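A structural walkthrough
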Amino acid sequence: MLPEQIGNRPFCIYGAGIVASSVYTVLKELYHMLPAFFLISDENGGNEPEEIDGIPVKRLSSWVNELRDGIYAIHIFYYIIAVPEPHHAAVIRSLQETDVLRIGASRMLRITGAEENALMEAYYGGFLNCRTVSKLTAGKQSAAVDGRVVCGTEKERRIQVFQVKSHKDRLLHSQRQKLPEYINPIQAGAALTDQVIAEIQDNRGDHISEKNGNYSELTATYYAWKNSRAAYKGICHYRRIFEISEEQMQTLLSEEAEWDVILPYPTVHYPDITAQHLRYLREEDWNALLLALQETSPDYLAAFEKMRMDGGQRFFNFNMLIAKAAVFDNYCSFLFRVLERAEALVTSGGRERSDRFAGYMGENLTTIYFLKNRDKLKIVYAGKRWLT
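Reading guide: rules and limits
- Residue indices follow the written sequence of each chain, beginning from 1 at its first position.
- Only residues with pLDDT of at least 70 are given local features in this predicted model, and only at 80 or more are side-chain atom pairs given and counted; all residues enter the totals for whole chains, interfaces and linings.
- Only heavy atoms go into the side-chain values, all of them from the structure, while hydrogens and water stay out.
- The buried label goes to any residue with under 20% of its type's maximum accessible area, the exposed label to any with over 50%, and the partly exposed label to all in between, with areas taken from a 1.4 Å probe on protein chains only.
- Per the convention used, a helix needs a DSSP run of H or I reaching at least four residues, while a strand needs a run of E reaching at least two, with both numbered from the N terminus.
- Only strands joined by at least two bridges in the DSSP assignment are considered to pair.
- Definition used for salt bridges: Asp or Glu carboxyl oxygen within 4 Å of a side-chain nitrogen of Lys or Arg.

Overview of the pairing of strand β10 (residues 232–237)
Among the six residues that make up β10, six are buried, leaving the element largely enclosed by the rest of the structure. Both faces of β10 are covered, namely the face carrying Tyr232, Gly234 and Cys236 and the face carrying Lys233, Ile235 and His237. Pairing analysis gives six bridges linking strand β7 (residues 159–165) to β10, with the strands arranged parallel. Bridging across to β10, Val161 finds its partner in Gly234. For β10 and strand β15 (residues 321–324), the ladder comprises four bridges, and the chain directions are antiparallel. When the sheet's bridge partners are listed, Gly234 is paired in β15 with Ile322.

Some words on the pattern of salt bridges
Using the criterion set out here, one finds 16 salt bridges in the structure. Where Arg353 meets Asp285, a salt bridge forms, and the shortest distance between an N and an O atom there is 2.8 Å. Taken together, the residues Arg353 in the loop between α13 (325–346) and α14 (357–372) and Asp285 in helix α11 (residues 283–296) connect sequence positions 68 residues apart. Looking at Asp285, the relative accessible area reads 2%, which means it is buried. One salt-bridge network, held together by shared partners, links Arg282, Asp285, Arg353 and Asp355.

Rendered as structure tokens:
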């Protein structure tokens, strides 16, 4: 476990995004450990913060210059690599190729998906009165047949979690890895290409597939809302799925009274979640989203403003969830009602867009929806697994 590996030694956190800030929060609040600074690559764009919670964010070249000037002793620092797992190899390479650092492998501690999930599990066990999947399933026997979740035909299927894929996705090393049977690949944006990459496509039935350039994975969410008859519905990504085995899922399905929705662990943002929308949305788009909320769902806007006034820091990224059909459909009714109005506001005058703005808006709306309804819903958190 990370705290035991570092002990009282000085360390920095490589990264300044959602993985880094969430890992930092757990280390600070649960283990009373503070990094000397956050470290980022020189190649990072200009959206990185200058500090996180009062702790400086340094670029690698600046840190190397400080070491060359003798400000710090080189050999004592540990480097916690807290970026999405697919980027670990590049980070390690950049550290090893910087000769002044002379970092041995034992001082580079990677936050793998499993390590991140373990930290989040330790921290969020009681947050929002939720129980995590591991606690919910601990010590219980699965009722699965031959260890599998029984799905049946599409009309009879009890659970249908759609893994969103696109013909533009890069090839993954784990592409042939066997996924849990409850996961169903769906081709998003199928209306925009002649290529067929999945048996289920989001341009069938009632759909908005042609809007994929702006809505991203949410065109698949819309398909699930309008076309799936499963008792439980969900969305995950081609390279990011929930860390829930078939056996755990079967146990969850047998405990239907115990939960309404499964969400990824919330990410943490400093000083609050206001900075999150500025990272991915233009200010005019953000203002349009707030106006759309005011016009279509004023109670949700009021809840968001209160959350922001209270300094809310938790955010539900990735537009991922698994929920009972009634919860999923109610969430989608809210989500697409607001997005439809926001889309009309930001594309007025026939302006063409294809920059995923609605997908980014969706993450904000997902956060608003579930934080507003957290006292009405039984929310379960689960870790995520990166497919590389």
